[in-house]
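# Report on the structure
Next come the chains, spelled out residue by residue.
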Amino acid sequence: MFHDGVDRLAARGRELNETGGGGLAAWLEEFTRYTAVTRGLAVALLPSADDSGCHGMLADVATELAATAVRAGRLRPEITVDDLLALANVIAIRAEDDPEWACRLQRIALRGVEPQA
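Read on for an overview of the structure. (Residues numbered from 1 in each chain as written. Predicted model: local features only at pLDDT ≥ 70, side-chain atom pairs only at ≥ 80, totals over all residues. Heavy atoms only, no water.)

Time to look at the layout of surface pockets. Once rolled over the atoms, a probe with the size of a water molecule shows which space is left empty. Taken as a whole, the largest pocket spans an internal volume of roughly 500 Å³. Together, 21 residues line the largest pocket, and Arg74, Leu75, Ala109, Leu110 and Arg111 are the ones closest to its centre. Only helix 2 (23-37), helix 5 (81-94) and helix 6 (99-111) provide two or more residues apiece to the lining of the largest pocket. Residue classes in the lining of the largest pocket are distributed as eleven nonpolar, four polar and six charged. (1 Å grid on protein atoms, 1.4 Å probe; cavity = no way out; pocket = protein on both sides within 12 Å on 5 of 7 lines; lining within 4 Å. Points joined across faces, edges and corners; volume = space filled by probe spheres on them. Helix = DSSP H or I, 4+ residues; strand = E, 2+ residues; numbered from the N terminus. Nonpolar A, V, L, I, M, F, W, Y, C, P; charged D, E, K, R; others polar.)

Another aspect to go through is empty space enclosed by the protein. This structure, assessed with the given rule, holds one cavity of 30 Å³ or more. In this model, the largest cavity occupies a volume close to 40 Å³. Taken together, Phe31, Leu45, His55, Leu58, Leu85 and Asn89 form the lining of the largest cavity. Elements that contribute at least two residues to the lining of the largest cavity include exactly helix 4 (54-71) and helix 5. In terms of residue class, the lining of the largest cavity is built from four nonpolar, two polar and no charged.

Another point: helix 4. For helix 4, built from 18 residues, the straight-helix expectation of 26 Å at 1.5 Å per residue is met to within 8% by its first-to-last C-alpha distance of 26 Å. Within the span of helix 4, buried status applies to Cys54, His55, Gly56, Leu58, Ala59, Val61, Ala62, Leu65, Ala66, Thr68 and Ala69. Buried residues belonging to helix 4 abut helix 1 (3-17), helix 2 and helix 5. One or two residues past the end of helix 4 sits Gly73, with phi positive at roughly 75 degrees. (Expected span 1.5 Å × (residues − 1). Buried < 20%, exposed > 50% of the residue type's maximum accessible area, 1.4 Å probe, protein only. Contact = heavy atoms within 4.5 Å.)

Relative placement of two packed helices is described by the angle separating their axes and the distance separating the axes. In the contact formed by helix 5 and helix 6, the axes pass within 9 Å of each other and the chain directions differ by 145 degrees. The interaxial crossing formed by helix 5 with helix 6 has right-handed handedness. Counted together, Leu87, Ala88, Ile91 and Arg94 of helix 5 and Trp101, Ala102, Leu105, Gln106 and Ala109 of helix 6 form the full contact between these two elements. A breakdown of the residues in the contact of helix 5 with helix 6 according to their chemical character gives seven nonpolar, one polar and one charged. (Axes fitted to C-alpha atoms, helices over the stretch in contact; angles between N-to-C directions. Left-handed = near helix turned anticlockwise from the far one by under 90°.)

Moving on, we get to the pattern of salt bridges. For the coordinates displayed, the defined rule picks out seven salt bridges. Across the pair Glu15 and Arg12 runs a salt bridge, and its minimum N-O distance is 2.5 Å. Residue Glu15 and its partner Arg12 are both found in helix 1; the two are separated by three residues, about one turn of the helix. When its relative accessible area of 27% is taken as the criterion, Arg12 is described as partly exposed. With its nearest N and O atoms 2.8 Å apart, the salt bridge here joins Arg33 to Glu100. (Salt bridge = Lys/Arg side-chain N within 4 Å of Asp/Glu carboxyl O.)

Geometry only, nothing functional implied.
Put into structure tokens, the structure is as follows:
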């Protein structure tokens, strides 16, 4: 049901991974935006015992992006792909049908709430 959109997100993730460590943040924003406007996708992307479907495909891409981001110093090594996908999913569920708010929340989550020095 969601396969075409998930295929596009996976392809976009692979494309962004070629740009270096900044690709993860860009992809997470695109992932959150798409998930927020695609009713039911956030729930369908919850991890399951059989991750051969949409969640598994996106988790694989996110793993590649996260590894690149860690090597580039753009992601703390203790942050897991499950952490990132859970955060994006929660944001998408809360901001369903409001992709701009979903992206704003995603940026806040990635940058933190403390003022930058």
